[in-house]
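Chain by chain, the residues:
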Amino acid sequence: MYKVFKNSLFVAIFSVTRLFAQQHAAEMGANAGQDTLAHSVNIPSGAHSAAEEVHGAGPAVMDANHAEHAAGGHEEAEFKADEAAFHHISDLNVYSIGPWNLPLPCMLYAPNKGWSLFSSSKFGIDNAHHGSGHKAIDGYVLNHGKVMRVKDPNFPQTEVEVGHFSTREEVIDEKGTKKDVSYVEYNGTEYALEHQSTADGGLFGGGITNFYDFSITKNVAGMFLILALLSWLFLSMAKKYKSAPGTAPTGIQKLIEPLIMFIKEEVAIPFIGAKHERFMPLLLSLFFLILALNLFGQIPFLGGTNVTGNLGFTVVLAIIVTLVVNFNGNKHYWQHIFNMPGIPGWVKFLITPIEVLSIFIKPLTLSLRLFANITAGHIVILVFISLIFMFGKSGANPGAAWGASVASVLLALFISAIELLVAFIQAYVFTLLTASYIGAATEEHHAHEAEH
Amino acid sequence: MTGSIAAIGMGLAAIGAGIGVGNIGGKAFEAIARQPEAVGDIRANMILTAALVEGAALIAILMAFLVK
């Protein structure tokens, strides 16, 4: 009886959501160029939290809002799936949950200007323009949720109203490389915008530009939230263990204690051996942090806080692992790298550079593996949802969109289920390989005799 | 991304993942057939190894994204 009720609730919410979304899309297609701030999909969103099967419908709701604005607010009806996908997994300065935008503090530093600290609500976030602000402050603007800076130093550095944002693909240097350059329109002229400085040398756009963005972005806010949640969870568990030692686990302990014992028995002891107690805090922290962040990124309703899908975060984790492994390496570890025993002299010429490189490559693959798995999963889910809009041609063909939405929501649900498994597996693999590298670094001499 | 040779690279990486994980699965089935009581151990190790192999394939797909 309960099952029938749950299923019918799911079907009802699903149909109502699709109905509202397609109605919106049809309106948007008809009224291209008109701003619409009313979001009638608010009502089903609230009911979604009641039914747990509607994970797939969740991102569809948000994408419905966003893609409609891409269709309606910018006078172009074409839906670009890769833009929508990348927008939903990237780090924004505004925390948008459906139609509500939660402004976050912006802390920006420009070498020629100094610090600028303000809330991103001062940008005047406009829902219809997909999270772009209609004000410029100190030469900074909010373009689709990201803070960018006007390159021209003659731009007024006070608070001014700006107009439309546009992005064009342009040839930027003599080699003919094409990059997307964004422009903001102010008083009739268009000013070029630049991204924040990033440490990846321009791989994902960025490089060293005119300003550094230290603000509390969506991902940082998500990290703080998970930090508070995990701290509360483990501190309260520790208190329970201290106050009543030796009793059977109750409540959340029943979930966490087997995981802790699993990491200790299956990961730490087989790989690190006797000295595993020293490294258990690191392994447990890595495992639970990565697991919690992966799972948090999978929740479709909370604005898509995709922390582990950022190369920066995973590289920092890998750097921590590198430091721990190399500072705990004993004599035999370093000897194996620089002067491997048991091989003839001329082979050492080949082996030593490879071993030195592997000091850096092993953590790099750790970070890339986690980043690629999580990002690929998110992109697949987002592309499945985007299929609805591609088939429906952003409102021009509601019938095809209805049909596509059935298949796409089911596919997205299936991939989300796999992603839950992947979240756990990637956390486990990261922890396992960390334990393996630590074990290789702290191995005792007698273990080597068996190898060589 | 259309008309780019990076798409072919991605396809090759997917072939690599398919062959790799297929091998892992096949050998796991053979091992289970040889010793059915070790199903738990074999399944856990199979999933772990599949994650590592898929990691390599996904890194290749990621690099294809970057090269464009």
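Residues numbered from 1 in each chain as written. Chains lettered and ligands numbered in written order. Predicted model: local features only at pLDDT ≥ 70, side-chain atom pairs only at ≥ 80, totals over all residues.

Once that is clear, we can look at the overall build of chain B. When you go through chain B residue by residue, the secondary structure sums to 2 helices and 0 strands. For 68 residues, the compact-globule estimate of 2.2 N^0.38 gives 11 Å, and the C-alpha radius of gyration of chain B, at 16 Å, exceeds that figure by more than 25%. For chain B, the spread of C-alpha atoms along the three principal axes comes to 50 × 15 × 10 Å. Here chain B, with 68 residues, has 12% of them falling under the buried criterion. The contacts in chain B between residues at least 6 apart in sequence include a share of 75% that link residues at least 24 apart. (Helix = DSSP H or I, 4+ residues; strand = E, 2+ residues; numbered from the N terminus. Rg over C-alpha atoms; globule rule 2.2 N^0.38 Å. Buried ≥ 20, exposed ≤ 12 C-beta atoms within 10 Å, placed from the backbone. Contact = placed C-beta atoms within 7 Å.)

Right, let's talk about helix α5 (residues 218–243) of chain A for a bit. All names here are of chain A. For α5, with 26 residues, the first-to-last C-alpha span of 37 Å sits near the 38 Å given by 1.5 Å per residue. Within the sequence span of α5, burial applies to Lys218, Asn219 and Gly222. Looking at the buried residues of α5, the elements they touch are β1 (94–97) and α7 (276–298). (Expected span 1.5 Å × (residues − 1).)

This brings us to the environment of valine 162 of chain A. Residues and elements named next belong to chain A. Along the chain, the position of valine 162 falls in the loop between β10 (160–161) and β11 (165–171). Separated by 257 residues in the primary sequence, valine 162 and glutamate 419 have C-alpha atoms spaced 41 Å apart. Apart from residues no more than four positions distant in its own chain, valine 162 is found in contact with His134, Lys135, Ala136, Val141, Val184, Glu185 and Tyr186.

Further remarks concern the sheet that holds strand β3 (residues 105–110) of chain A. Sheet strands pair by backbone hydrogen bonding; their relative direction is either parallel or antiparallel. What the 3 strands build is an open sheet, ordered β4-β3-β14 (chain A); its pairing is antiparallel. The sheet is open, and its two edges are formed by β4 (114–119) and β14 (212–213) of chain A, each paired on a single side. (Pairing = 2+ DSSP bridges.)

For chain B, the average pLDDT comes to 88, and 94% of its residues sit at 70 or higher. At the level of chain-chain contacts, confidence expressed as ipTM amounts to 0.86, with global pTM at 0.78. (pLDDT = per-residue confidence, 0-100.)

Between chain A and chain B, the contact holds 10 residues from the first and 10 residues from the second. Taken together, the elements giving at least two residues each to the side of chain A that touches chain B come down to α10 (345–392) and α11 (398–441) of chain A. At 6 residues, α10 of chain A tops the list of elements feeding residues into the side of chain A that touches chain B. The residue inventory of the side of chain A that touches chain B, partitioned by class, reads 6 nonpolar, 3 polar and 1 charged. (Nonpolar A, V, L, I, M, F, W, Y, C, P; charged D, E, K, R; others polar.)

Residues and elements named next belong to chain A. Between α7 and α11, the least distance of the axes is 9 Å, while the angle of their chain directions is 160°. With respect to each other, α7 and α11 are oriented roughly antiparallel. Handedness of the α7/α11 crossing: right-handed. Facing Phe279, Leu283, Leu286, Phe287, Ile290, Leu291, Asn294, Leu295 and Gln298 of α7, the residues of α11 in contact are Ser416, Glu419, Leu420, Ala423, Phe424, Gln426, Ala427, Phe430, Thr431, Thr434, Ala435 and Ile438. For the contact of α7 with α11, the per-class residue count stands at 14 nonpolar, 6 polar and 1 charged. (Axes fitted to C-alpha atoms, helices over the stretch in contact; angles between N-to-C directions. Parallel < 35°, antiparallel > 145°, perpendicular 65-115°, else oblique. Left-handed = near helix turned anticlockwise from the far one by under 90°.)

Further remarks concern the nonpolar core. Core analysis: the largest hydrophobic core is formed by 48 residues, its most contacted members being Ala268, Leu283, Phe287, Ile290, Phe430 and Ala435 of chain A. Going through the elements one at a time, α6 (253–272), α7, α8 (311–327), α10 and α11 of chain A together with α2 (39–67) of chain B are the ones with two or more residues in this core. For this core, the leading source of residues is α11 of chain A, giving 13 residues. Setting aside residues no more than four positions away along its own chain, alanine 435 of chain A makes contact with Val267, Ala268, Phe271, Ile272 and Leu283 of chain A. With 21 residues, the next largest nonpolar core counts Cys106, Ile125, Leu142 and Val150 of chain A among its residues. (Core = buried A, V, L, I, M, F, W, Y, C linked by C-beta atoms within 7 Å.)

What follows deals with α8 of chain A. Residues and elements named next belong to chain A. A rise of 1.5 Å per residue sets the reference length of α8, with its 17 residues, at 24 Å; its end C-alpha atoms lie 24 Å apart and thus fit the reference within 8%. Regarding α8, the residues found buried are Leu311, Phe313, Thr314, Leu317, Ala318, Val321 and Val325. Viewed along the axis of α8, the buried residues span an arc of 165°, placing them on a single side of the element. Pointing more than 90 degrees away from the buried face of α8 are the exposed residues Val316, Leu323 and Phe327. Against α7, α10 and α11 lie the buried residues of α8. (Arc of directions from axis to C-beta.)

With that settled, consider the pairing of strand β9 (residues 146–150) of chain A. Residues and elements named next belong to chain A. Along β9, 5 of the 5 residues are buried, which leaves the element largely enclosed by surrounding structure. Sheet topology note: the strand β8 (residues 140–143)/β9 ladder contains 4 bridges and is antiparallel. The residue bridging valine 141 from the neighbouring strand is methionine 148, located in β9. Hairpin connection from β8 to β9: 2 residues lie between these consecutive antiparallel strands, with histidine 144 at a positive phi of about 55°.

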